[in-house]
Structure formats: structure tokens, C-alpha cells
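Structure assessment
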Amino acid sequence: MAAISDEHFSSLQILLKAPSKDAVRQLCADSFPSGAPESWRLAESTAGTLSVSAIEAKELIAALHTLSHHILFHNLTAPEQILVLFPKSFHPSLKNLITKIMLEHSPPWRNEALSNQISLPHLVEMDWRVDMKTASDSVSRMAVPTCLVHMKVEDSSCLRGSGALSSVTVELSKETLDTMLDGLGRIRDQLSVVAGK
Amino acid sequence: MLSIGQLVDMQWKLGMAVSSDTCRSLNSPHVSLLLKIADTSGQISQRSFEMTIAQFQNFYRQFKEMAAVLETV
């Protein structure tokens, strides 16, 4: 990840040409996602909004992207922590506006980062049913309750967020279910211990 | 008996993500599960996946409901 530099801050001053505070807000939001600094489409629409060249717009987007990710990485939550990053000569009102916008966006950005972490595939959906097995080719009469659980898991071989899912269906006897509940109960106990720390 | 895969084992891990390239200080707990499933020939396959704490609470609740239903049949 690029470190913030003086060039980034001088690019940020282009925001003084923005038509409104909402335009600045929108630009901060649009510059955050990965891929934003590489997007010529974003650079061109920004160039149009600010009446600057596409190159200058691209540098501005890169600067906003670097700044927002720096704030996210170091979890800067107080205005003073962000204000101190700017050079002393930086336009004061713009500095305050950018700081305010960055702080506003921090919680959703952090949540996005948490949900996009590297991880095992996620469980997306789970359905279940309790059946009564009454007969089979080998046993003519019985009454055995059984659980059927169907889980949809993200397919790890595909891109995250591509929506590709794989299905797992399992059957559990009462004994298996009881053992499983026991295990899940232990996880819950551990969670309470961790939460208490 | 004709059946779907039988759940034979469940392994679990409660993990705490400490840090990542996007957030230096994450402190984000998550639960990983590994299910071992036996088919009718005895062949074991495994599936593993992860859940957030909220998802885990829901998962646990569903299994408790299943157990409650089993008590009544």
C-alpha cells in the first residue's frame, strides 16, 4: 500500500474546484473501492465535475484512495489524528471537510473490510427438516426420527462475491445431533469467555 | 439404507483475526467448522466453512430448534 506523500496532498487541493460539499463527499466514496485509482471512467467523470484534466483527476482519486485506506488501516477515529496528517500549508476548511467526510465513512468502510477479509468459504444459507423413517428395503417397519440439513456454502474455487454456491446435504441421527449441540454449546461458552476479555 | 451422507464428525475452531492488509487492528472473531460426511460406502468427505458470530448464533439456534422438534416426534 502506498504511503501518503506531499504529492497526494497537493492533488487533494484540486477539490477546491468541487461544485459542492456533496460532490466532495461523493468523490471520497467513489475513490475508496479497490480498482478506483485504475478506473479511467471515474477519472473522466471526475475531470468533468471539477473542470480539470483526466490526469489531474486520476491523481486526485489516487490521493483520496491512499488517504482513506491509511485512515482505515490505522483505525484513526479522532479528528486530531487525521488533521495532523495534512501539511501545515493545506487549505484549512478543505482539510476540515475531508476529515469530517473520512470520519463519517469510517464505520461502513471498516465493516466492508471485515466482511471482505480472507477467510474460508462462508455459510450462506441453511435449511433443515425432521423426518420419520418408517420403512426401507431392508426394514419393513420402523419409526426412526432423523434430521436432514441442507447448507449452501460459497464455492471457494470461484471469485468471492461471484454468487457461486455449492450445496451440502447431511443426515443426522438424534445421537449425532446431541453431540453436535454439545460441541456448538462449547463454542458458545468460549465466545462468552472471549467477549468478557 | 438409502440415505444422504451421514454426518459423522464436526470439528470446530474459534478464531480471532488480529490484523490484515486493510486493517492493522481487526479483533474480529469468527467460527470455522469442518464437517465429516460418510456416504453409504463408508467413504468420508469433508466440508469446511466459516461463520461470523451472528451467523453462528443463528446456526446454533436452528440446531436447538431441530432438537426440540425431535423430542416431540
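The residue numbers shown here count from 1 along each chain, following its written sequence. As a convention, the first chain written is A and the first ligand written is 1, with the rest following in written order. Two thresholds apply to this predicted model, a pLDDT of at least 70 for residue-level local features and 80 or more for giving and counting side-chain atom pairs, whereas whole-chain, interface and lining totals are computed over all residues. Note: side-chain values were computed over all heavy atoms of the structure, leaving out hydrogens and water.

1. Observations concerning the overall build of chain B
A tally of helices and strands in chain B yields one helix and three strands. A helix here means a DSSP run of H or I that spans at least four residues, while a strand means a run of E at least two residues long, and both kinds are numbered starting from the N terminus. Scanning chain B from its N terminus toward the C terminus, one meets helices and strands in the order β-β-β-α. What you see for chain B is a C-alpha radius of gyration of 17 Å, clearly larger than the 11 Å of a compact globule of 73 residues, by over 25%. Projecting the C-alpha coordinates of chain B onto the three principal axes gives extents of approximately 55 × 30 × 15 Å. Think of it in three bands: residues with accessible area under 20% of the maximum for their type are buried, residues over 50% are exposed, and the middle band is partly exposed, with areas taken using a 1.4 Å probe on protein chains only. Across the 73 residues that make up chain B, the buried fraction comes to 40%. Contacts are assigned to residue pairs that have any heavy atoms within 4.5 Å of one another. Pairs at least 24 residues apart make up 30% of the contacts formed inside chain B by residues separated by at least 6 positions. To be clear on the numbers: accessible area is Shrake-Rupley with a 1.4 Å probe, and residue cover counts the displayed protein chains and nothing else. Accessible area for chain B stands at about 4,100 Å²; split by element, carbon and sulfur atoms hold 51% of it. Residues scored as positive are Lys and Arg, those scored as negative are Asp and Glu, and His as well as the terminal groups of each chain are ignored. For the purpose of locating charges, the reference atoms are NZ of Lys, CZ of Arg, CG of Asp and CD of Glu. Across chain B, the mean location of the 6 positive side-chain charges is 7 Å away from that of the 6 negative side-chain charges. The quantity called the radius of gyration is restricted to C-alpha atoms. Its globule counterpart is 2.2 Å times the number of residues to the power 0.38.

2. Thoughts on the nonpolar core
Residue and element names in this part refer to chain A. Within the largest apolar cluster, 34 residues are counted, with the highest numbers of intra-cluster contacts made by Leu12, Leu15, Leu64, Phe86, Ile98 and Met102. Going through the elements one at a time, α1 (6-12), α2 (21-31), α3 (40-50), α4 (54-73) and α6 (92-115) are the ones with two or more residues in this core. Ignoring sequence-local partners within four residues, the contact set of leucine 64 consists of Leu12, Leu15, Leu27, Cys28, Ser31 and Met102. Buried Ala, Val, Leu, Ile, Met, Phe, Trp, Tyr and Cys residues form a nonpolar core when they are joined through side-chain atoms within 4.5 Å. Grouped together as the second largest cluster of nonpolar side chains are 32 residues, Leu123, Val130, Val168 and Val170 included.

3. With respect to the UniProt feature "domain: COMM" (unreviewed entry) in chain B
UniProt positions are given in the numbering used here, feature names are shortened, and annotations may be inferred rather than shown by experiment. Following the UniProt record, the feature "domain: COMM" (unreviewed entry) maps to residues 6-73 of chain B here. Regarding residues 6-73 of chain B, the helix share stands at 29% and the strand share at 46%, and the terminal C-alpha atoms are separated by 20 Å.

4. Quick notes on the interface of chain B and chain A
Residue-level contacts link 45 residues of chain B with 49 residues of chain A. Defined in terms of a 1.4 Å probe, buried area is the accessible area two parts forfeit on being brought together, summed over both. Buried area between chain B and chain A, summed over both chains or domains, comes out near 4,600 Å², and the portion from carbon and sulfur atoms is 73%. Any Lys or Arg side-chain nitrogen found within 4 Å of a carboxyl oxygen on Asp or Glu counts as a salt bridge. With a shortest N-O distance of 3.3 Å, lysine 174 of chain A and glutamate 71 of chain B are connected by a salt bridge. Think of a polar contact as two N or O atoms within 3.5 Å of one another; within protein, one of them needs to be a possible hydrogen donor and the other a possible acceptor, and neighboring residues in sequence only count if both atoms come from side chains. Where chain B packs against chain A, one counts 16 residue pairs in polar contact (both at pLDDT 80 or more). The set of elements that each furnish at least two residues to the side of chain B that touches chain A consists of β1 (6-17), β2 (28-38), β3 (44-51) and α1 (53-72) of chain B.

5. Points about the side chain of histidine 69 of chain A
All names here are of chain A. Along the chain, the position of histidine 69 falls in helix α4. Overall, histidine 69 belongs to the buried group, its relative accessible area being 12%. Polar contacts involving the side chain of histidine 69 include one to the main-chain carbonyl oxygen of phenylalanine 32, which spans 2.8 Å.

6. Looking at α2 of chain A
Residue and element names in this part refer to chain A. All of the buried residues along α2 are Ala23, Val24, Leu27, Cys28 and Ser31. Each buried residue of α2 lies within a common arc of 140° when the element is viewed along its axis, so the set occupies one face. Seen from the open side of α2, the exposed residues pointing more than 90 degrees away from its buried face are Lys21 and Asp22. The elements touched by buried residues of α2 are α3, α4 and α6. In this description, the arc belongs to the directions extending from the helix axis to the C-beta atoms.

7. Details of the pattern of salt bridges
Residue and element names in this part refer to chain A. Applying the stated criterion across every chain, the model contains nine salt bridges over all chains. In this structure, the salt-bridge partner of aspartate 131 is arginine 129, at a minimum N-O distance of 2.9 Å. You can call aspartate 131 partly exposed: its relative accessible area is 24%. Two residues, glutamate 171 and lysine 133, come together in a salt bridge whose shortest N-O distance is 2.5 Å. Of this pair, glutamate 171 sits in strand β3 (residues 165-172) while lysine 133 is found in strand β1 (residues 123-133), placing the two residues 38 residues apart along the sequence. The pair glutamate 171 / lysine 133 is uniform in exposure class, with both members buried. One continuous salt-bridge network, built from bridges that share partners, spans Asp22, Arg25, Lys100 and Glu104.

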